[in-house]
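Spelled out, the chains give:
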Amino acid sequence: MTGAKMIDIKRFDREGSLAKVSTRGLTKSLIGGLIKGLAKTLINRAFFGACAVLLASFALTFSGCFDSKKEESRAYTFNAASGGANAASGANSATSKTYSIETKEKGLIIKANNKELDSAVFLAFLAKDCDACDAYYEHLNHLANSDDVVILGILDAPLSQQELQVFKAQKNIAFDVLSPVLKASADSSAPFPQNPLLSHLAQEKSARESINANNIFATDSVASADSSENASAESSENANIDSGVDSGINSSATNATDSIAPNASATDTTNAPTTPTAARSIRALPYFVLYDKHHRFYQDYEGIVPEEIFSSDIAQIAH
């Protein structure tokens, strides 16, 4: 007899009945199972391969975002006159030092001669010919005596090392005074083109003021709505109480109210908060910024600020 030999195999089917299966049918079942398993394996590999490609592309995308964030960070270099320069001793007692200040998301990285400062830092942005700045030097000297903070005076425009030391001596300044080192890529359209760090802080200040103004606007809008509702309810209640009053008197009161209304409306419009339409910058120097010991932004100051305010804020972040 030629060909495949049929061999019967006894087995129980799903219902428990005894059944017979030929080896030829069993061979077909095994081959079919192998083909299905191979196809499933190929499909799984293709699926996981596609997932791997997608994950790799996502990783590259996030890596690009991270790199772009890192690119937003900027480092600024300053030459400094430090030491015990004063009006009597002159510039010879001052020594040179290099500072680097790098911006980050919520503060700065401040280094002196490549060593990062480990205390709170008070930046005083000054100008060479600035009467308002002159009024602060004595107070800043007092603050510089504290171990809780490092005072750094930063000029709005570059000076040579000799000019910087002479300036420090003439003003009798007891803290380090920094002069910006400009790069060829400095933006001439910036708020302070001679001091890119100050321009950067001016933009940060504008962003903070915009956020604060929007928050105040939203809060006042809710308060205004509540007051209008209360006023409407009170007006309705008063109308019920005064319903018996003579109509002539009511007419006079209405006319008086109408004559006042335009002025009141104008006043309300003037005093009402408005959404800022343009970024506000630093108005004038000196401008002061306080950072905690991790060099995170804490507070900034403009205008006439008593020394006690500075001292109080420094004491709060020192502990």
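Residues numbered from 1 in each chain as written. Predicted model: local features only at pLDDT ≥ 70, side-chain atom pairs only at ≥ 80, totals over all residues. Heavy atoms only, no water.

**Thoughts on the nonpolar core**
- Core analysis: the biggest nonpolar cluster contains 53 residues, and Phe122, Phe125, Leu140 and Leu197 have the highest contact counts within it.
- Ranked by residue count, the leading element in this core is strand S7 (residues 120-126), at seven residues.
- Look past the residues within four positions of Phe122 in its chain and what remains in contact with it is Leu140, Val149, Val150, Ile151, Leu152, Phe288, Val289, Leu290, Tyr301 and Phe310. (Core = buried A, V, L, I, M, F, W, Y, C linked by side-chain atoms within 4.5 Å. Buried < 20%, exposed > 50% of the residue type's maximum accessible area, 1.4 Å probe, protein only. Helix = DSSP H or I, 4+ residues; strand = E, 2+ residues; numbered from the N terminus. Contact = heavy atoms within 4.5 Å.)

**Section: unusual backbone geometry**
- Here the amide bond leading from Leu285 into Pro286 is cis, since omega sits at 5°, within 30 degrees of zero.
- Within the secondary structure layout, Pro286 lies in the loop between helix H6 (247-271) and strand S10 (287-291).
- Its identity is not glycine, yet Asn113 carries a phi of approximately 50°, on the positive side.
- With respect to the element layout, Asn113 can be found in the loop between strand S5 (107-112) and strand S6 (115-116).
- When its relative accessible area of 47% is taken as the criterion, Asn113 is described as partly exposed.
- Its identity as a non-glycine residue notwithstanding, His295 has a phi of 60°, on the positive side.
- Secondary-structure assignment places His295 in the loop between S10 and strand S11 (297-301).

**A short note on the pairing of strand S8 (residues 149-155)**
- Within S8, six of the seven residues are buried, which leaves the element mostly enclosed by the surrounding structure.
- By the bridge criterion, seven bridges tie S7 to S8 in an arrangement that is parallel. Its bridge partner lying in S8, Leu126 is registered against Leu155.
- The sheet contact formed by S8 and strand S9 (residues 176-180) spans three bridges and is parallel. Looking across to S9, one finds that Ile154 is bridged to Leu178.
- Since S8 and S9 lie parallel, the crossover through helix H4 (residues 161-170) that links them has a hand, and here it is right-handed. (Pairing = 2+ DSSP bridges. Right-handed = clockwise from strand over helix to strand, strands pointing away.)

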